There are 2 protein chains.
Amino acid sequence: MSILVVGSVAFDSVKTPFGERDRILGGSATYFSVAASFFTKVRVVAVVGDDFGPAEEAVFSDREVDISDLERVSGRSFYWSGEYGYDLNVAETRDTQLNVFADFKPKLSADAKETPYLFLGNIQPQLQVEVREQVGAKLVAADTMNYWINNTPDELGEMLKRVDLLIINDAEAREIGKEANLVRAARRILTMGPTRLVVKRGEYGVAMFTGHSYFATPAYPLEEVFDPTGAGDSFAGGFMGYLAATNATDEAAVRRAIIYGSVMASFNVEEFGCERMRRLTYDEINARFRELRAFSHFEEAEMPPF
Amino acid sequence: MSILVVGSVAFDSVKTPFGERDRILGGSATYFSVAASFFTKVRVVAVVGDDFGPAEEAVFSDREVDISDLERVSGRSFYWSGEYGYDLNVAETRDTQLNVFADFKPKLSADAKETPYLFLGNIQPQLQVEVREQVGAKLVAADTMNYWINNTPDELGEMLKRVDLLIINDAEAREIGKEANLVRAARRILTMGPTRLVVKRGEYGVAMFTGHSYFATPAYPLEEVFDPTGAGDSFAGGFMGYLAATNATDEAAVRRAIIYGSVMASFNVEEFGCERMRRLTYDEINARFRELRAFSHFEEAEMPPF
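Please read all numbers here as calculations on a predicted model, not as lab measurements. (Residues numbered from 1 in each chain as written. Chains lettered and ligands numbered in written order. Predicted model: local features only at pLDDT ≥ 70, side-chain atom pairs only at ≥ 80, totals over all residues.)

1. A word on the overall build of chain A
The secondary structure content of chain A amounts to 12 helices and 13 strands. The globule rule puts the C-alpha radius of gyration for 306 residues at 19 Å, and the 19 Å found for chain A is close to it. Each of the three principal axes of chain A carries a C-alpha extent, and together these read 75 × 40 × 35 Å. For chain A, the proportion of its 306 residues judged to be buried stands at 51%. Long-range contacts, defined as pairs at least 24 residues apart, comprise 66% of the intrachain contacts of chain A with a sequence gap of at least 6. (Helix = DSSP H or I, 4+ residues; strand = E, 2+ residues; numbered from the N terminus. Rg over C-alpha atoms; globule rule 2.2 N^0.38 Å. Buried ≥ 20, exposed ≤ 12 C-beta atoms within 10 Å, placed from the backbone. Contact = placed C-beta atoms within 7 Å.)

Spelled out as structure tokens, the structure:
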């Protein structure tokens, strides 16, 4: 099954303790689609400006990502500039320029409207709703961020009513659920629309909640996190990619999808931009899946009264 | 096999967002021994003052913890007063009074010196070394804290050389290893003496490192963390208790021990002091072990090239 992703395709200037890069290709739809492309066919809905040239197009075409729904308009693409300190969990935004993204009105082709899996990347909730209404998807997942939680809570609420699955980080979960305790926050979010909540916890891994199940996995242990940009979107890409590829939504499949998502994110943060993912192999992906399993499994036990 | 623990037996005044208690029995040796007592015989080395009466003694005797090496001297017992905010990960210390603990010189009985498992609770590294030198233990584990890391680094270094296993939290691991990245910090700590490092990460679970293996497990998901005091020591008690009970040190056994430690900590934080552990049953312990397994396991998978 194929996936449609709507989100940003952007130029990022990123500085980390390990180096810096100016105007490399980034954006939620970019990271998501490159990661998901290892699992299934992906189609991108986004807007770019005149600065999107052959080098940027190659990031998608090399991975056979369908960009026929990528709108090209006059002007400059979305631009983000940010810096990470040694605590790589939080980026300090130095500059954000919406540019052509400011007037983006997603126009979906007939094929796009029939895509069975839909991922609503982190953009205005209003746009997420507009896209969602146009697509008769079998499974809809979404991401969001603190900016929309604080500034457009009503629109965010409308978006939540229309998705099956919400993929956010733990600070966002606590904000949306209005609870310091993650379990209680999750319980509340599950009354707002999504039937499944996936909480990204950076170096601590991922937790997943439904009304009747819980799953948690550690992150792949990395000695060097080079650039955390796109970790969440490459996670979502691996996660949705595996679900769409297997066309399964049972708990066991969704757990394996969480692991594939974790694997893709762990590779993505090893280098700037999509550089690491662009030369990734299936052997590397599957090896890291097996490693994560070996890192987290243990045998049954029963302690008799002493 | 039996365990000897040296550490503090203290009176704690604790305030959390959910309530407060004045002068309840606490201290690292208390939490550790009550938790470990569900698994094996435990003997406590510590010092208390005149304020340690029958009610406090019952906390140990009800669990058949051997306090024949508990020294009683004139004066007041160690006292700690602290407060937790809604972020229950960090305690703000309001008061610490060493009292009889200031002149504590551990004197071990002949039986104590032959205990095969030894846990050096969080006290001065110098005292930890003195106890360790007196005991011909098969396995020695230790805890420490930021105060000793910063104020007595040389003594801490001597202690580390004499232990098999170090059980600390992640901030402490980063401080001792002098690395922001936990994997690199762990690698460095493993050159300082311990062959196994267990890193407690609060609500995020536990990570364990050796020179050639890695294991990580999420914490038991709790909707109410009532009082985090003693979480680390009850974890260590369950962990060491299981190892001593099974007298096994292979990777599979140590992983199961991590889970039993996590289970004991998860119960301990549900109420003030040792209250919850004092009425715990084996059925409850084993049920939560099985739950943690169900929460963290997933099936194998192999993604073919798409």
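Anyway, onward from the coordinates.
2. Comments concerning the packing of helix 1 (residues 28–36) of chain A against helix 9 (residues 231–246) of chain A
A packed helix pair is summarised by two numbers, namely the angle formed by the two axes and the spacing between the axes. Residues and elements named next belong to chain A. Packing of helix 1 against helix 9 leaves a shortest axis separation of 7 Å and a crossing angle of 40°. Classified by the interaxial angle, the pair formed by helix 1 and helix 9 is oblique. Considering only the axes of helix 1 and helix 9, their crossing is right-handed. Contact with helix 1, carried on its side by Ser28, Tyr31, Phe32, Ser33, Val34, Ala35 and Ala36, involves Asp233, Ser234, Ala236, Gly237, Gly238, Met240 and Gly241 of helix 9 and no other residues of that element. (Axes fitted to C-alpha atoms, helices over the stretch in contact; angles between N-to-C directions. Parallel < 35°, antiparallel > 145°, perpendicular 65-115°, else oblique. Left-handed = near helix turned anticlockwise from the far one by under 90°.)

3. Focus on the sheet that holds strand 2 (residues 10–16) of chain A
All names here are of chain A. The strand order 3-2-6-7 describes an open sheet built from 4 strands, whose pairing is mixed. In this open sheet, the two strands that pair with only one neighbour each are strand 3 (19–26) and strand 7 (91–97). The sheet shows a mean angle of 15° between the axes of neighbouring strands, direction not considered. As paired elements, strand 6 (residues 78–84) and strand 7 share 6 bridges and run antiparallel to each other. (Pairing = 2+ DSSP bridges.)

4. Here's the deal with the sheet that holds strand 9 (residues 139–142) of chain A
Residue and element names in this part refer to chain A. The strand order across the open sheet built from 9 strands is 5-4-1-8-9-10-11-12-13, with neighbouring strands paired in mixed fashion. One side of each edge strand has no neighbouring strand; the edge strands of this open sheet are strand 5 (70–72) and strand 13 (214–217). Neighbour-to-neighbour, the strand axes of this sheet turn through a mean angle of 15°, independent of strand direction. When strand 1 (residues 3–6) meets strand 8 (residues 117–120), the two strands line up parallel, connected through 4 bridges.

5. With respect to helix 4 (residues 125–134) of chain B
Along helix 4 of chain B, the residues that are buried comprise Pro125(B), Leu127(B), Gln128(B), Val129(B) and Val131(B). Those residues of helix 4 of chain B that are buried are in contact with strand 1 (3–6), strand 4 (42–48), strand 8 (117–120), strand 9 (139–142), helix 5 (146–151) and helix 6 (153–161) of chain B.

6. Side note on the environment of Gly193(A)
Among the structural elements, Gly193(A) can be located in the loop between helix 8 (182–189) and strand 11 (196–200). As for Gly193(A) and Asp164(A), which are separated by 29 residues in sequence, their C-alpha atoms are 7.1 Å apart.

7. So, the relation of the copies chain B and chain A
Superposition of chain B onto chain A requires a rotation of 180° combined with a translation of 0.0 Å along the rotation axis, giving an RMSD of 0.0 Å. Classification of the inter-copy transformation places it as that of a two-fold axis. Interface overlap between copies: 100% of the residues of chain B at the interface are likewise at the interface in chain A, consistent with a symmetric, same-surface contact. (Least-squares fit on C-alpha atoms with pLDDT ≥ 70 in both.)

8. Side note on the interface of chain B and chain A
The interface of chain B with chain A comprises 42 residues on the first partner and 42 residues on the second. For the side of chain B that touches chain A, the secondary structure elements donating two or more residues are helix 8 (182–189), strand 13 (214–217), helix 10 (251–268) and helix 12 (282–296) of chain B. It is helix 12 of chain B that provides the largest number of residues to the side of chain B that touches chain A, a total of 7 residues. Broken down by class, the residue content of the side of chain B that touches chain A amounts to 26 nonpolar, 6 polar and 10 charged. (Nonpolar A, V, L, I, M, F, W, Y, C, P; charged D, E, K, R; others polar.)

9. Digging into unusual backbone geometry
Phi angles above zero are rare outside glycine, and Glu64(A) is one such case at about 55°. For Glu64(A), a count of 10 C-beta atoms within 10 Å translates into the label exposed.

10. Here we look at the packing of helix 4 of chain B against helix 6 of chain B
All names here are of chain B. Running from N to C, helix 4 and helix 6 point in directions that differ by 30°, and their axes come no closer than 8 Å. With respect to each other, helix 4 and helix 6 are oriented roughly parallel. Between helix 4 and helix 6 the crossing geometry is left-handed. Here Pro125, Gln126, Gln128 and Val129 of helix 4 come into contact with helix 6, specifically with Glu155, Leu156, Glu158 and Met159. Of the residues in the contact of helix 4 with helix 6, the class split is 4 nonpolar, 2 polar and 2 charged.

11. So, the pairing of strand 8 of chain A
Residues and elements named next belong to chain A. Of the two faces of strand 8, the one carrying Tyr117 and Phe119 and the one carrying Leu118 and Leu120 are both buried. With 4 bridges joining them, strand 8 and strand 9 adopt parallel strand pairing. Bridge pairing links leucine 120 to alanine 142 in strand 9. With respect to chirality, the unit in which strand 8 leads through helix 4 (residues 125–134) into the neighbouring parallel strand 9 is right-handed. (Right-handed = clockwise from strand over helix to strand, strands pointing away.)

12. Here we look at the confidence of the model for chain A
Fine structural detail should not be taken from predicted coordinates in areas where pLDDT scores are low. Scored by pLDDT, chain A has a mean of 96; 100% of the residues are at 70 or more. Listed scores for the predicted complex are pTM 0.96 and ipTM 0.94. (pLDDT = per-residue confidence, 0-100.)

13. Details of the pairing of strand 6 of chain A
Successive side chains on a regular strand alternate, one facing one side of the sheet and the next facing the other. Residue and element names in this part refer to chain A. Judged from the 6 bridges that link them, strand 2 and strand 6 form a sheet pairing that is parallel. Across the sheet, alanine 10 pairs through a bridge with phenylalanine 78, a residue of strand 6. The turn linking strand 6 back onto strand 7 is made up of 6 residues.

14. Regarding the environment of Tyr86(B)
Along the chain, the position of Tyr86(B) falls in the loop between strand 6 (78–84) and strand 7 (91–97). Between the C-alpha atom of Tyr86(B) and that of Val225(B), which follows or precedes it by 139 residues, the distance is 9.7 Å. Apart from residues lying up to four places away in sequence, Tyr86(B) is in contact with Ala180(A) and Pro17(B).

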